[in-house]
Number of protein chains: 2
Amino acid sequence: MNDVTFGYKDLFTSNLPAAGPRFGGFPPFYFIGGNNDPTQIPSEKLAASAADVIRRDGHLLAIYNMGLGPQGYPPLRAFVADKLSRHRGIKATADDVLITSGSGQGIDLVSALLVNPGDTVLIEEFCYQGAINRFRKLGAKVLPVRLDDEGIRVDSLAETLASLKAEGVTPKFLYTIPTIQNPTGSILPLDRRIAILALAKEYGVPIFEDECYADLLWAGGAPAAFYGIAPEQVIHIGSFSKSLAPALRVGYAVADWSVLSRMIAGKSDGGTGALDQMVIAEYFSKHFDDHIASLSKVLEDKLDHMVEAVEREFGTSVQIFRPQGGIFLWLKLPDAVDVTTLVKPAADAGLVFNAGPDWACNGGEAKPYLRLCFAMPDKATIDAGVKTLARVCHEQTGIPAFGDNVKR
Amino acid sequence: MNDVTFGYKDLFTSNLPAAGPRFGGFPPFYFIGGNNDPTQIPSEKLAASAADVIRRDGHLLAIYNMGLGPQGYPPLRAFVADKLSRHRGIKATADDVLITSGSGQGIDLVSALLVNPGDTVLIEEFCYQGAINRFRKLGAKVLPVRLDDEGIRVDSLAETLASLKAEGVTPKFLYTIPTIQNPTGSILPLDRRIAILALAKEYGVPIFEDECYADLLWAGGAPAAFYGIAPEQVIHIGSFSKSLAPALRVGYAVADWSVLSRMIAGKSDGGTGALDQMVIAEYFSKHFDDHIASLSKVLEDKLDHMVEAVEREFGTSVQIFRPQGGIFLWLKLPDAVDVTTLVKPAADAGLVFNAGPDWACNGGEAKPYLRLCFAMPDKATIDAGVKTLARVCHEQTGIPAFGDNVKR
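Residues numbered from 1 in each chain as written. Chains lettered and ligands numbered in written order. Predicted model: local features only at pLDDT ≥ 70, side-chain atom pairs only at ≥ 80, totals over all residues. Heavy atoms only, no water.

K.L.:
When you look at the sheet that holds strand β15 (residues 369–373) of chain A in this model, what are you seeing that I'm missing?
P.N.:
Two pairing modes exist for strands in a sheet, parallel and antiparallel, and in both the strands are linked by backbone hydrogen bonds. Residue and element names in this part refer to chain A. Strand order across the open sheet formed by 4 strands is β11-β12-β15-β14, with antiparallel pairing between neighbours. Each of the sheet's edge strands pairs with one partner strand only, and the pair in question is β11 (319–321) and β14 (354–355). The pairing of strand β12 (residues 328–332) with β15 spans 5 bridges and is classified as antiparallel. Along β15, the bridge assignment pairs L331 with L370. (Pairing = 2+ DSSP bridges. Helix = DSSP H or I, 4+ residues; strand = E, 2+ residues; numbered from the N terminus.)

K.L.:
Can you walk me through the interface of chain B and chain A in this structure?
P.N.:
Put simply, an interface is often sized by how much accessible area is lost when its parts join up. The interface is formed by 95 residues belonging to chain B together with 95 residues belonging to chain A. Where chain B abuts chain A, roughly 7600 Å² becomes buried across the two surfaces, and 64% of that area is made up of carbon and sulfur atoms. Taken together, the connections running from chain B to chain A amount to 2 salt bridges. Between R55 of chain A and E44 of chain B there is a salt bridge, with its nearest N and O atoms 2.9 Å apart. Taken together, chain B and chain A are joined by 40 residue pairs in polar contact (both at pLDDT 80 or more). For the side of chain B that touches chain A, the secondary-structure elements that each account for two or more residues are α1 (8–11), α2 (43–57), α4 (103–114), α7 (190–203), β9 (234–239), α9 (257–266) and α10 (274–314) of chain B. (Contact = heavy atoms within 4.5 Å. Buried area = accessible area lost by both parts, 1.4 Å probe. Salt bridge = Lys/Arg side-chain N within 4 Å of Asp/Glu carboxyl O. Polar contact = N/O pair within 3.5 Å; in protein donor to acceptor, adjacent residues only side chain to side chain.)

K.L.:
Help me understand the packing of helix α10 (residues 274–314) of chain A against α10 of chain B in this model?
P.N.:
When two helices pack together, their arrangement is given by the angle between their axes and by how far apart the axes lie. Interhelical geometry of α10 of chain A versus α10 of chain B gives an angle of 110 degrees and a closest axis separation of 6 Å. Judged by the inter-axis angle, α10 of chain A sits roughly perpendicular to α10 of chain B. Contact with α10 of chain A, carried on its side by A274, L275, D276 and V279 of chain A, involves A274, L275, D276 and V279 of chain B of α10 of chain B and no other residues of that element. The residue makeup of the contact of α10 of chain A with α10 of chain B, split by class, is 6 nonpolar, no polar and 2 charged. (Axes fitted to C-alpha atoms, helices over the stretch in contact; angles between N-to-C directions. Parallel < 35°, antiparallel > 145°, perpendicular 65-115°, else oblique. Nonpolar A, V, L, I, M, F, W, Y, C, P; charged D, E, K, R; others polar.)

K.L.:
I would appreciate a short explanation of helix α3 (residues 74–88) of chain A in the present structure.
P.N.:
Think of an α-helix as 3.6 residues a turn; residues three or four steps apart then line up on the same face. Residues and elements named next belong to chain A. Taking 1.5 Å of rise per residue, 15 residues should cover 21 Å, and α3 covers 20 Å from first to last C-alpha, within 8% of that figure. Those residues of α3 lying buried are L76, R77, F79, V80, A81, K83, L84 and R88. Buried residues along α3 sit against β2 (97–100), α7 (190–203), β9 (234–239), β10 (251–254) and α10. Once α3 ends, the next one or two residues include G89, with phi positive near 70 degrees. (Expected span 1.5 Å × (residues − 1). Buried < 20%, exposed > 50% of the residue type's maximum accessible area, 1.4 Å probe, protein only.)

K.L.:
Just checking my understanding: could you explain the relation of the copies chain B and chain A for this structure?
P.N.:
Between the two chain copies there is a screw-like relation: a rotation about an axis and a shift along it. Once turned by 180 degrees and shifted 0.0 Å along the axis, chain B lies on chain A with an RMSD of 0.0 Å. In symmetry terms, the pair is related by a two-fold rotation axis. Looking at chain B, 100% of its interface residues are interface residues in chain A too, so the copies touch through the same face. (Least-squares fit on C-alpha atoms with pLDDT ≥ 70 in both.)

K.L.:
Sorry, what's going on with the pattern of salt bridges here?
P.N.:
Working definition: two side chains of opposite charge can pair if their charged atoms are close together. Applying the stated criterion across every chain, the model contains 49 salt bridges over all chains. For R86 of chain A, the salt bridge is made with D82 of chain A, and the minimal N-O distance between the two is 3.0 Å. On the criterion of helical spacing, the pair formed by R86 of chain A and D82 of chain A is a turn pair, its members being 4 residues apart in helix α3. In this structure R86 of chain A comes out as partly exposed when scored by relative accessible area, which is 42%. The closest approach of N and O atoms between R322 of chain B and D304 of chain B, which form a salt bridge, is 2.8 Å. One end of the pair, R322 of chain B, is in the loop between β11 (319–321) and β12 (328–332); the other, D304 of chain B, is in helix α10, with 18 residues separating them in the sequence. We classify D304 of chain B as partly exposed; its relative accessible area is 30%. Connected via shared salt-bridge partners are R56, E282 and K286 of chain A.

K.L.:
Teacher, can you tell me more about the domain arrangement of chain A here?
P.N.:
Residue and element names in this part refer to chain A. Annotation of chain A at the domain level lists domain 1 (25–41 + 290–397) and domain 2 (43–288). If you average the C-alpha positions of domain 1 and of domain 2, the two centres end up 25 Å apart. With 31 residues of domain 1 in contact, the opposing surface of domain 2 contributes 39 residues. When the two sides are added together, the surface that domain 1 and domain 2 hide from each other amounts to roughly 2900 Å², 59% of it contributed by carbon and sulfur. Taken as a group, Q324, W359 and C361 account for 24% of the area that domain 1 buries against domain 2, more than any other trio of residues on that side. Seen at the junction of domain 1 and domain 2, the total is 1 salt bridge. Where domain 1 touches domain 2, the interface holds 18 residue pairs in polar contact (both at pLDDT 80 or more). Put simply, the parts of the chain that give the side of domain 1 that touches domain 2 at least two residues each are α10, β12 and β15. Tallying contributions element by element places α10 first for the side of domain 1 that touches domain 2, with 8 residues. Per-class residue counts for the side of domain 1 that touches domain 2 are 16 nonpolar, 9 polar and 6 charged. (Domains from an automatic or database assignment.)

K.L.:
Teacher, can you tell me more about a nonpolar patch on the surface here?
P.N.:
Residue and element names in this part refer to chain A. On the surface, L190, I194 and I229 cluster together into a nonpolar patch covering about 240 Å² of accessible area. Relative to the assigned elements, L190 resides in helix α7. Overall, the relative accessible area of 40% leaves L190 in the partly exposed class. (Patch = residues over 30% accessible without salt bridge, like charges linked within 9 Å, V, L, I, M, F, W, Y side chains within 5 Å. Areas by Shrake-Rupley, 256 points an atom, 1.4 Å probe, with all protein chains shown as cover.)

K.L.:
It is not clear to me how the sheet that holds strand β8 (residues 207–210) of chain B should be interpreted in this structure. Could you clarify?
P.N.:
All names here are of chain B. Here 7 strands make up an open sheet; going across it, the order is β2-β10-β9-β8-β7-β3-β4 and the pairing mixed. Each having just a single partner strand, β2 (97–100) and β4 (141–145) make up the two edges of the open sheet. Neighbour-to-neighbour, the strand axes of the sheet open up by a mean angle of 20 degrees, direction not taken into account. Note: strand β3 (residues 120–124) against strand β7 (residues 174–176), 2 bridges, orientation parallel. The partner of I123 across the bridge, within β7, is Y175. Docked against the sheet, helix α5 (residues 129–137) engages β3, β4, β7 and β8, running at close to 170 degrees with respect to β3.

K.L.:
Before we go on, may I ask you to explain the side chain of T179 of chain A in this structure?
P.N.:
Residue and element names in this part refer to chain A. Among the secondary structure elements, T179 is positioned in the loop between β7 (174–176) and α7. A distance of 3.3 Å separates the side chain of T179 from the side chain of R88, its partner in a polar contact. Engagement of the side chain of T179 in a polar contact is seen with the side chain of R193, the distance being 2.9 Å. With sequence-adjacent residues up to four places away left out, T179 is seen in contact with R88, S186, R193, E211, Y213, A214, L217 and A222.

K.L.:
How do you make sense of unusual backbone geometry when you look at a structure like this?
P.N.:
Most peptide bonds take the trans form, and the phi angle of most residues other than glycine is negative. All names here are of chain A. Residue P183 is reached from N182 by a cis peptide bond, and omega for that bond is 20 degrees. Along the chain, the position of P183 falls in the loop between β7 and α7. Following I399, the chain continues into P400 via a peptide bond in cis, with omega recorded as -5 degrees. Take P400: it is sitting in the segment after α12 (379–397).

K.L.:
Can you help me understand the pairing of β3 of chain B in this one?
P.N.:
On a regular strand, one side chain projects to one face of the sheet and the next to the other, so that they alternate. Within β3 of chain B, 5 of the 5 residues are buried, leaving the element largely enclosed by the surrounding structure. Handedness of the crossover joining β3 of chain B and β4 of chain B through α5 of chain B: right-handed. (Right-handed = clockwise from strand over helix to strand, strands pointing away.)

K.L.:
Quick question: what am I supposed to make of the side chain of D37 of chain A here?
P.N.:
The topology assignment puts D37 of chain A in the loop between β1 (29–30) and α2 (43–57). At a separation of 2.8 Å, a polar atom in the side chain of D37 of chain A contacts the side chain of K302 of chain A. The residues touching D37 of chain A, leaving out its near neighbours within four places in the chain, are V298, K302, A375 and M376 of chain A together with A62 of chain B.

Put into structure tokens, the structure is as follows:
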């Protein structure tokens, strides 16, 4: 078919994103994307759960939302409320939960509720690219709050809120990933959570809490979620993409009914896929705690493997931010390195990574940073990939200097 | 939680849809919504299909889009291409198919591609409410093309295109449901399809063809889809909501790559739910023809039952548009009746129906019309519901006059 004979292009709206290319498969060293470890998908148990739940509730598939309303499959909402209570210090019932088509839809729904063009929103200075892009697409002014090794610096938030107030500006929310911050991997301590909630209350700014990695924690655990401490001030979202599988498109939101009811009204997708919801509910109602304990152990082992590879290949040329859970590793190269210059030569060598500037409020401040995802590749791929990255980096910048590769 | 203590409401954007109420279940006579017959869900076979496909491909769930790219699960795309070739006269391969999260997402993606505020789009004068609303939400001017018992009147389309051209306006597309038109239930004959394609080509207007009911045909069958006749002029969408189950959120689009590649770029949901896709692919690859043959038979029998009930209760006061497939029945009451006045008293009696004005380009022209969905309710519910509707209508309007209820 030849699109020149019929002029769709003359009819397209302005400002369309670029057309996608044909999918050509992943490159050998695929260190981006919130993917999980394929060996950790419990296919046999999922198959059994799917068969059980379809035999029991399959007839309900004939009806939109299974005839059970737009908040999502009730057994899944009950499971979410239960696991949040047991793991995240959150008191909620199934009625407080909205199932979403991935947590990205949660971000979209909350943004649609709160962000007019020109509004200000606060984010962590280094932040999930998908959130930054979504807020900007709606015309928001996105302002950074500074981070240190433990997450948001309370002094930076206080300063920002005060100076905005002096200008007459109330930010629409503070978007934060307090538990396994993306991309820095930190866990915000309890005292900071309490201090931030006090500031947020004083200035009338809701906290938009994204906990999509909080199920994957190493031994240290994490303090209660913001929502667990002060539910009336917080819109909480989460996901099953990281705890189970991202190809299942299921997340959730927990919020006051004044917010949740409006998110439901904005959710125009005819419901979240029923089988994805049913199978997660059936499997996780029985196996959640075992599953995340086992998965977290595998992920921490892979992280250690990647950290060793990075130390081996980059030596003293790299600062490593070892995360306390999750699926990604944040790294800083010397200030002289601009990682954006590595993107193309790395791709030519079969390697993709997240350049720091794409994961920062002010891209220019993140030029020496990069993010590597370690959950999907196996250990041999991690070894070969990190070696390739070091070689490309050396060829482009002289860093790491070969011979400098000593254990720090 | 008390939302007065924390002022979300002051922060909400303007023009939000009204907050949803708590879901309270369906009323007894639920004659709206594209639901299917719960007794026709093949739960046992779906359970077996789910177990089989998860055992085989479950490990791929660890990766966004199963690592297979954003067009959707390849076995499902191959199935779509095959069934369109065997049933709808469409030559397409899996590469020409994009899986969508319901056909509603297909409408959203095509609209985003083509509709700027102020643009004109053409629709059938009586038309799917969800499409009308989506086009209007984007700021489109929505103009009607007249219908008769066989669908779009070619003379009306010719006249509309000519008069728009005289004003210098090229409509962005003609949105049409040619096969089981929603809500009138007609099937557009082949000669009209050919004439409409010729007109559309002459004026440079793409055809946006929605075939979400075309799998559910009675014995007469249907001519080839618009896309089958002139693929370069047509964007084709379809759905599994009607042929299998609407709680599964899976539809598809077939279009020239210049269009499809941009729809993919606009699809920001992280993929369509994988289990919904996998189970449909596995089940329908083996059972599609048997499934739709059996389902169509059951639906036609229910339709006949509803038609009898309508004739029994409304007698000569109703004009019945018996559909040639699908899940809904379009009715016309005498011109004196404004069905919008029946909505509230019917709801009070436990009955919901689609008022004609909600399914029309110019609501005022559809006041005596209504749509009743027959797939979900059982026969006893259909009988009691139609009787209730006739009683409510009589109480409000004197129509049907009791005693007038003779077989036409």
